[in-house]
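Overview (structure and organization)
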Amino acid sequence: MRQLQRSVSGTLYAQVYDSLLAQINSHEYRPGDQLPTEAALMETYGVGRMTVRRALDELRRQGLIERKPALGTFVSEPPMAAQIGGVHSLTDEVIQLGMIPGSRLLKQERVPAPKEVAEQLEVPIETPVLRLDRVRTANDRPFFVATSHINIATYPALLDVDFASPTLSLLSTYRDVLGMAPVRMRQLTSATTAPLMAQAEFGLDAQSPVLLLERAVYLEEGPAVEFVSAYFRGTYKFYTEVG
């Protein structure tokens, strides 16, 4: 049993957090390692379940651990930072990091374009668009989850694409199917809380912070072909240079 100092300043859960953090930083627990169960941690530290859960929740909010349903809690992979310029796909970023990109289609459906999507794609509100919910992977691990709205009103040839392909790159698809390369993107990056899709894939709770990337993709001519909302765990970093 690890003895906690109940008489010192600081709460018990903070001491459990500090102890687990030290073990992660020292690589006693390495990326991908499974942490002990809540019951085992309760016994190790001589504390109650709520104390253990608060410590684990804080580590999860920091992006240091992740909960996998039915499997347990694992140490997260170290932060990934992409440094890449120009018009590029998120697949390019995975490759630059030395990892193997993959794609898993969760849902594909035609939906009426809501106001924000219609504005981004420059089509009337409720124009039919193709919605894709996908998980993009790096070395078979979830890298980000994304909802793409495809402008099939302007680019109907995209209806014939097999979006379920595990090697699919949308930017390459536009080039191959439409004969036009992506030449411009308008992008907004912000912080938000994890939507249901990100919670399920990353093992997060509803209050966990994630990085939201919203991107409109333009080809050589015409309105935007795609508007995508991609959610990354807080351990992902974007790197850019200006000037």
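A short note on the overall build of the protein
Helices and strands together make up the secondary structure of the protein, namely 7 helices and 10 strands. By the burial criterion, 44% of the 243 residues in the protein qualify as buried. Across the protein, every contact between residues at least 6 apart in sequence was considered, and the portion connecting residues at least 24 apart equals 61%. Summing over all exposed atoms, the protein offers an accessible surface of approximately 12,500 Å²; the carbon and sulfur share of this is 51%.

A closer look at the side chain of threonine 173
Here threonine 173 lies in helix 6 (residues 170-178). Overall, the relative accessible area of 9% leaves threonine 173 in the buried class. Those residues within four positions of threonine 173 in sequence are excluded, and the remaining contacts are Leu158, Val161, Leu168 and Leu178.

Here's the deal with the packing of aromatic side chains
Enumeration over the complete set of coordinates arrives at 3 aromatic pairs. Measuring from centroid to centroid gives 5.5 Å for phenylalanine 143 and phenylalanine 144, while their planes differ by 65°, and the two rings are edge-to-face. Per residue, the accessibility class of phenylalanine 143 equals that of phenylalanine 144, and both read buried. Both rings, one in phenylalanine 144 and one in phenylalanine 232, keep their centres 4.9 Å apart while their planes meet at 35°; by these two values the pair is tilted.

Regarding the nonpolar core
Ranked by size, the top nonpolar core spans 16 residues in total, and within it Ile150, Leu158, Phe163, Leu170, Tyr174 and Val225 carry the most contacts. Among the secondary structure elements, those contributing two or more residues to this core are strand 5 (128-138) and helix 6. Residue contributions to this core peak at 3 residues, all from helix 6. Filtering out sequence-adjacent residues up to four positions away, leucine 158 remains in contact with Ile150, Phe163, Thr173, Tyr174, Val177, Leu178 and Val225. Formed by 15 residues, the second largest nonpolar core is a distinct cluster that contains Leu20, Leu35, Val47 and Val52.

Topic: the pattern of salt bridges
Going through the model one piece at a time under the given rule, you end up with 8 salt bridges. Across the pair arginine 104 and glutamate 201 runs a salt bridge whose closest N-O atoms are separated by 2.9 Å. Residue arginine 104 is found in strand 4 (residues 101-112), and its partner glutamate 201 is found in helix 7 (residues 196-202); the two are separated by 97 residues along the sequence. Overlapping salt bridges, with partners in common, bring together Glu38, Arg49 and Arg53 in one network.

Observations regarding the confidence of the model for the protein
When the pLDDT values of the protein are averaged, the result is 86; 86% of them are 70 or greater. Mean pLDDT values for the elements of the protein range from 53 in strand 3 (residues 80-83) up to 96 in helix 5 (residues 115-121).

Focus: the environment of lysine 115
Position of lysine 115 relative to the elements: it lies in helix 5. Separated by 12 residues in sequence, lysine 115 and threonine 127 have C-alpha atoms that sit 10.0 Å apart. Separated by 2.6 Å, the side chains of lysine 115 and glutamate 119 make a polar contact.

Observations regarding the pairing of strand 5
Counting buried positions along strand 5 gives 9 out of 11 residues, so the element sits mostly inside the fold. By the bridge criterion, 11 bridges tie strand 4 to strand 5 in an arrangement that is antiparallel. Residue glutamine 108 lies in a different strand from strand 5, and its bridge partner there is leucine 132. Both strand 5 and strand 6 (residues 141-150) contribute to a ladder of 9 bridges, which runs antiparallel. In the strand pairing of strand 6, arginine 134 is matched with alanine 146.

Focus on unusual backbone geometry
Peptide bonds are mostly trans, and most non-glycine residues show a negative phi. Look at glutamate 126: it is not a glycine, yet its phi comes out positive at around 75°. Examined against the element boundaries, glutamate 126 turns out to sit in the loop between helix 5 and strand 5. Judged by relative accessible area, which is 60%, glutamate 126 ranks as exposed.

Let's talk about the packing of helix 1 (residues 12-25) against helix 3 (residues 49-61)
Direction vectors running N to C along helix 1 and helix 3 enclose 50°, while the axes themselves pass 8 Å from each other. Between helix 1 and helix 3, the angle falls in the class oblique. In the crossing of helix 1 with helix 3, the sense of the turn from one axis to the other is right-handed. When helix 1 is examined against helix 3, the residues Leu12, Tyr13, Val16, Tyr17, Leu20, Leu21 and Ile24 are found in contact with a partner set consisting of Thr51, Arg54, Ala55, Leu56, Glu58 and Leu59.

Here is what the cut-offs are and how they apply
Residues numbered from 1 in each chain as written. Predicted model: local features only at pLDDT ≥ 70, side-chain atom pairs only at ≥ 80, totals over all residues. Heavy atoms only, no water. Helix = DSSP H or I, 4+ residues; strand = E, 2+ residues; numbered from the N terminus. Buried < 20%, exposed > 50% of the residue type's maximum accessible area, 1.4 Å probe, protein only. Contact = heavy atoms within 4.5 Å. Areas by Shrake-Rupley, 256 points an atom, 1.4 Å probe, with all protein chains shown as cover. Phe/Tyr/Trp six-rings, centres within 6.5 Å; stacked < 30°, edge-to-face > 60°. Core = buried A, V, L, I, M, F, W, Y, C linked by side-chain atoms within 4.5 Å. Salt bridge = Lys/Arg side-chain N within 4 Å of Asp/Glu carboxyl O. pLDDT = per-residue confidence, 0-100. Polar contact = N/O pair within 3.5 Å; in protein donor to acceptor, adjacent residues only side chain to side chain. Pairing = 2+ DSSP bridges. Axes fitted to C-alpha atoms, helices over the stretch in contact; angles between N-to-C directions. Parallel < 35°, antiparallel > 145°, perpendicular 65-115°, else oblique. Left-handed = near helix turned anticlockwise from the far one by under 90°.

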